[in-house]
Amino acid sequence: MRIEFAKQLPSTEELIKILKLRFSNPYSIKTFGLGKNNILIGKSTLVGAEVCVNKNEVSINYSPPSVFGGFLLSLGLAELGILLFPFLFKEGFSHNSSYRKLEKEIGTFLKQKLN
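Residues numbered from 1 in each chain as written. Predicted model: local features only at pLDDT ≥ 70, side-chain atom pairs only at ≥ 80, totals over all residues. Heavy atoms only, no water.

Chemist: I keep staring at the sheet that holds strand S4 (residues 48-54) and nothing clicks. Help me out?
Modeler: Two modes of strand pairing occur in sheets, parallel and antiparallel, and in both the strands are linked by backbone hydrogen bonds. Spatially, S1-S5-S4-S3-S2 is the arrangement adopted by the five strands of the open sheet, whose pairing is antiparallel. In this open sheet, the two strands that pair with only one neighbour each are strand S1 (2-4) and strand S2 (28-32). In this sheet, adjacent strand axes meet at a mean angle of 20° when their direction is disregarded. Relative to strand S3 (residues 38-42), S2 runs antiparallel, the two sharing five bridges. Pairing of Ile29 across the sheet is with Ile41, part of S3. Each of S1, S3, S4 and strand S5 (57-62) touches helix H4 (residues 98-114); the most contacted strand, S5, lies at about 160° to it. (Pairing = 2+ DSSP bridges. Helix = DSSP H or I, 4+ residues; strand = E, 2+ residues; numbered from the N terminus. Axes fitted to C-alpha atoms, helices over the stretch in contact; angles between N-to-C directions. Contact = heavy atoms within 4.5 Å.)

Take a look at the structure:
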């Protein structure tokens with residue numbers, strides 16, 4: 001999901017403070033990447049979203065919130081695809097999946113706070 005804003009966005013640190021107003025407990029929020037410009041919001045071990053900020057644009061994408069979650073997801077996709085197929089089908093292709101709900105929730109919150 002991409003969102004464009006009319007004005008320049010605040011710094012990453014200020015954006016984290018804004019996100020913590022809505023996504024505090026049980027969510028985890030941390031920065032990562034070169035220059036710590038990306039924000040990772042975790043809802044559970046497997047459900048999370050990456051918020052990338054670029055001047056006046058925000059991109060929100062699904063991302064496992066931890067290395068362990070990424071490992072489980074990769075293992076599930078590579079080795080246990082048959083056993084986890086119903087879960088992957090429901091979560092990966094559904095418009096009501098928990099990943100998409102989290103992306104929409106973050107996007108709606110940022111639109112309200114920053115416009």
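Now, onward.
Chemist: Got a minute to help me understand the nonpolar core in this structure?
Modeler: The tendency in soluble globular proteins is for nonpolar side chains to be buried as a group. Counting 23 residues, the largest nonpolar core has Leu19, Phe23, Ile39, Ile41, Ile60, Ile106 and Leu110 as the members making the most contacts within it. Those elements giving two or more residues to this core turn out to be helix H1 (12-22), S3, S4, S5 and H4. No other element matches H4, which puts six residues into this core. Sequence-distant contacts of Phe23, defined by excluding residues within four places in its chain, comprise Ile29, Leu102, Glu105, Ile106 and Phe109. (Core = buried A, V, L, I, M, F, W, Y, C linked by side-chain atoms within 4.5 Å. Buried < 20%, exposed > 50% of the residue type's maximum accessible area, 1.4 Å probe, protein only.)

Chemist: Quick question: what am I supposed to make of the packing of aromatic side chains here?
Modeler: Applying the stated criterion across every chain yields a total of two aromatic pairs. Both rings, one in Phe23 and one in Tyr27, keep their centres 5.1 Å apart while their planes meet at 85°; by these two values the pair is edge-to-face. For Phe23, a relative accessible area of 0% puts it in the buried group. Consider the rings of Phe23 and Phe109, whose centres lie 5.8 Å apart with planes at 85°: the pair is edge-to-face. With Phe23 in the loop between H1 and S2 and Phe109 in helix H4, the pair connects residues that are 86 residues apart, well separated along the chain. What makes Phe109 buried here is its relative accessible area of 9%. An aromatic cluster is defined as three or more aromatic residues linked by ring pairs; in this entry it consists of Phe23, Tyr27 and Phe109. Sitting above the plane of the Phe23 ring, Arg22 keeps its charged end 5.0 Å from the centroid. (Phe/Tyr/Trp six-rings, centres within 6.5 Å; stacked < 30°, edge-to-face > 60°. Lys NZ or Arg CZ within 6 Å of the ring centre and 35° of its normal.)

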